[in-house]
Amino acid sequence: QHIGIIMDGNGRWATGKGLIRTSGHKAGANTVKNILNTCIKLNIPVLTVYAFSTENWKRPVSEVNFLMNLFSSFLAAQIDELCENNVRIKFIGRIDELPNNLVKEFHRAEDITKNNTGVKFNVAINYGGRDEIITAVKNIAQQVKDGSLLVENVDDKVFEDNLYTRNLPPVDLMIRTS
Ligand code: FPP
């Protein structure tokens with residue numbers, strides 16, 4: 001129902017071939033395309049790719065910039081095909097902290113594909129697992145503070161409803177590519 005992919009090992013793959021690290025990220029972006037097309041063929045309802053973690057900001061500025069440009073050019077090159085293939089794209093993570101132009105492009109792509117009913121394609125950028133949990137806990141605490149939720153009613157379902165992946169089946173196959 002839902003495949004998650006942590007896309008790492010690109011740098012090692014490239015240096016192992018005597019190439020610069022960023023060519024590994026470029027090859028990774030091509031692989032994302034192939035995987036998405038395979039999910040479409042196999043009718044996998046949800047694909048989530050973890051592309052940039054909250055820790056990845058510690059990479060050299062030139063590599064971070066390369067990745068931000070790669071996300072932007074990937075989207076520009078793929079948006080028509082996503083629509084043709086009935087794919088709904090969503091960006092998850094602390095998206096609002098990304099460069100303004102990228103945030104706009106992401107929101108635009110989400111908007112254009114929002115009525116598509118095929119594969120749900122989530123791209124996690126500026127994402128952290130603990131960060132997602134902390135964000136959910138803060139939202140829940142706020143609802144309790146506002147009086148719209150009782151502490152004793154906080155359960156599995158409430159927690160789930162406050163995750164980025166709300167309304168989606170849980171990830172049941174996680175692949176870490178490296
Ligand atoms: C981490 O591992 C990987 C990244 C920081 C980037 C992953 C991004 C892509 C594959 C770009 C394409 C994505 C989309 C959605 C277009 P690393 O490769 O730096 O790991 P290593 O240093 O351990 O080899």
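Please refer to the structure higher up on the page.
Numbering of residues begins from 1 in every chain and follows the order in which that chain's sequence is written. Where totals are concerned, whole chains, interfaces and linings use all residues; where local detail is concerned, this predicted model gives features only for residues with pLDDT of at least 70, and gives and counts side-chain atom pairs only at 80 or more. Values shown for side chains rest on all heavy atoms present in the structure; no hydrogens or waters enter the calculation.

Focus on the overall build of the protein chain
Starting at the N terminus, helices and strands are each numbered in turn, a helix being any DSSP run of H or I of at least four residues and a strand any DSSP run of E of at least two. Each helix and strand in the protein chain was counted, giving six helices and five strands. N-terminal to C-terminal, the α/β element order of the protein chain is β-α-α-β-α-β-α-β-α-α-β. What you see for the protein chain is a C-alpha radius of gyration of 17 Å, in line with the 16 Å of a compact globule of 178 residues. Overall size of the protein chain, expressed as C-alpha extent along the three principal axes, is 55 × 35 × 30 Å. When burial is assessed residue by residue, the protein chain has 40% of its 178 residues classed as buried. Residue pairs at least 24 apart in sequence account for 77% of intrachain contacts in the protein chain once pairs closer than 6 positions are excluded. Note on areas: Shrake-Rupley with a 1.4 Å probe; residue coverage comes only from the protein chains shown. Surface accessibility of the protein chain: about 10500 Å² in total, with carbon and sulfur atoms responsible for 53%. The size measure is the radius of gyration over C-alpha atoms, and the globule rule it meets is 2.2 Å times the number of residues to the 0.38 power. Note on exposure labels: buried denotes an accessible area under 20% of the residue type's maximum, exposed denotes more than 50%, and partly exposed covers the range between, all computed with a 1.4 Å probe on protein chains only. Two residues qualify as a contact provided that any one of their heavy atoms is within 4.5 Å of a heavy atom in the partner residue.

Some words on the layout of surface pockets
Computed from the structure, the largest pocket encloses a volume of approximately 660 Å³. Method remark: on a 1 Å grid restricted to protein atoms, a set of points is classed as a cavity if a 1.4 Å probe fits but cannot get out and as a pocket if it is open with protein on both sides within 12 Å along at least five of seven lines; lining residues have an atom within 4 Å of a point. What lines the largest pocket is a set of 31 residues, and nearest its centre among them are Met 7, Asn 10, Tyr 50, Ala 51 and Phe 52. Elements supplying a minimum of two residues to the lining of the largest pocket: α1 (10-16), α2 (21-42), β2 (46-53), α3 (61-84), β4 (120-127) and β5 (173-176). Of the residues belonging to the lining of the largest pocket, the class tally is 19 nonpolar, seven polar and five charged. Roughly 410 Å³ of internal volume is contained in the second largest pocket. For the lining of the second largest pocket, the elements supplying multiple residues, two or more each, are β3 (88-92), α4 (100-113) and β4. Grid points are joined across faces, edges and corners, and a volume is the space filled by probe spheres set on the points. In this classification, the charged set is Asp, Glu, Lys and Arg, the nonpolar set is Ala, Val, Leu, Ile, Met, Phe, Trp, Tyr, Cys and Pro, and all remaining amino acids, among them Gly, are polar.

Points about the sheet that holds β4
Two strands make a pair as long as DSSP finds a minimum of two bridges between them. Taken in spatial order, the five strands make up an open sheet running β3-β4-β2-β1-β5, and their pairing is parallel. The two strands at the open ends of the sheet, each matched to only one other strand, are β3 and β5. Within the sheet, the average angular offset between the axes of one strand and its neighbour, ignoring direction, is 20°. Of the strands in this sheet, β1 (2-6), β2 and β4 touch α2, which is tilted by about 165° from β2. Helix axes use the C-alpha atoms of the stretch in contact, all axes being lines fitted to C-alpha atoms, and the angles between their N-to-C directions lie in the range 0 to 180 degrees. The strands that α4 touches are β3 and β4; relative to β3, the one it contacts most, it runs at about 145°.

Some details on α4
The end-to-end C-alpha distance of α4 is 20 Å, a good match for the 20 Å that 14 residues give at a rise of 1.5 Å each. Taken together, the buried positions of α4 are Leu 102, Val 103, Phe 106, Ala 109, Glu 110 and Thr 113. Down the axis of α4, the buried side of the element spans an arc of 130°, and every buried residue falls inside it. In this structure, α4 carries Asn 100, Lys 104 and Arg 108 as exposed residues pointing more than 90 degrees from its buried face. Buried positions along α4 lie against α3, β3 and β4. Given the number of residues in a helix, its expected span is that number minus one, multiplied by 1.5 Å. Comment: arc refers to directions from the helix axis out to C-beta atoms.

Quick look at the environment of Pro 60
Of note, Pro 60 is situated in the loop between β2 and α3. Given the relative accessible area of 48%, Pro 60 is considered partly exposed. In sequence terms Pro 60 and Ala 27 are 33 residues apart; their C-alpha atoms lie 19 Å from each other.

Regarding a nonpolar patch on the surface
Within this analysis, patches are made of residues with over 30% relative accessible area and no salt bridge. Like charges are joined at 9 Å or less; nonpolar side chains (Val, Leu, Ile, Met, Phe, Trp, Tyr) at 5 Å or less. Salt bridges are counted wherever a side-chain nitrogen of Lys or Arg sits within 4 Å of a carboxyl oxygen of Asp or Glu. Nonpolar side chains collect at one region of the surface, where Ile 6, Val 171 and Met 174 lie side by side and expose about 210 Å² of accessible area between them. Structurally, Val 171 is set in the loop between α6 (156-161) and β5. The class of Val 171 is partly exposed, set by a relative accessible area of 32%.

Thoughts on the site of the ligand
Note on terminology: near, applied to a residue and a molecule or strand, indicates that one of the residue's heavy atoms is within 4 Å of it. The environment of the ligand is made up of 18 residues, and the closest members are Asn 10, Gly 11, Arg 12, Arg 21 and Arg 59. Two N or O atoms form a polar contact when they lie within 3.5 Å of each other; inside protein one atom must be a possible hydrogen donor and the other a possible acceptor, and for residues adjacent in sequence the pair counts only when both atoms belong to side chains. Interatomic distance of 2.7 Å between a side-chain N/O atom of Arg 12 and an oxygen atom of the ligand. Contact with the protein chains removes 93% of the 630 Å² of surface that the ligand exposes when unbound. Elements with a minimum of two residues in the shell around the ligand: α1, α2 and α3. Class assignment for the residues of the shell around the ligand results in eight nonpolar, six polar and four charged.

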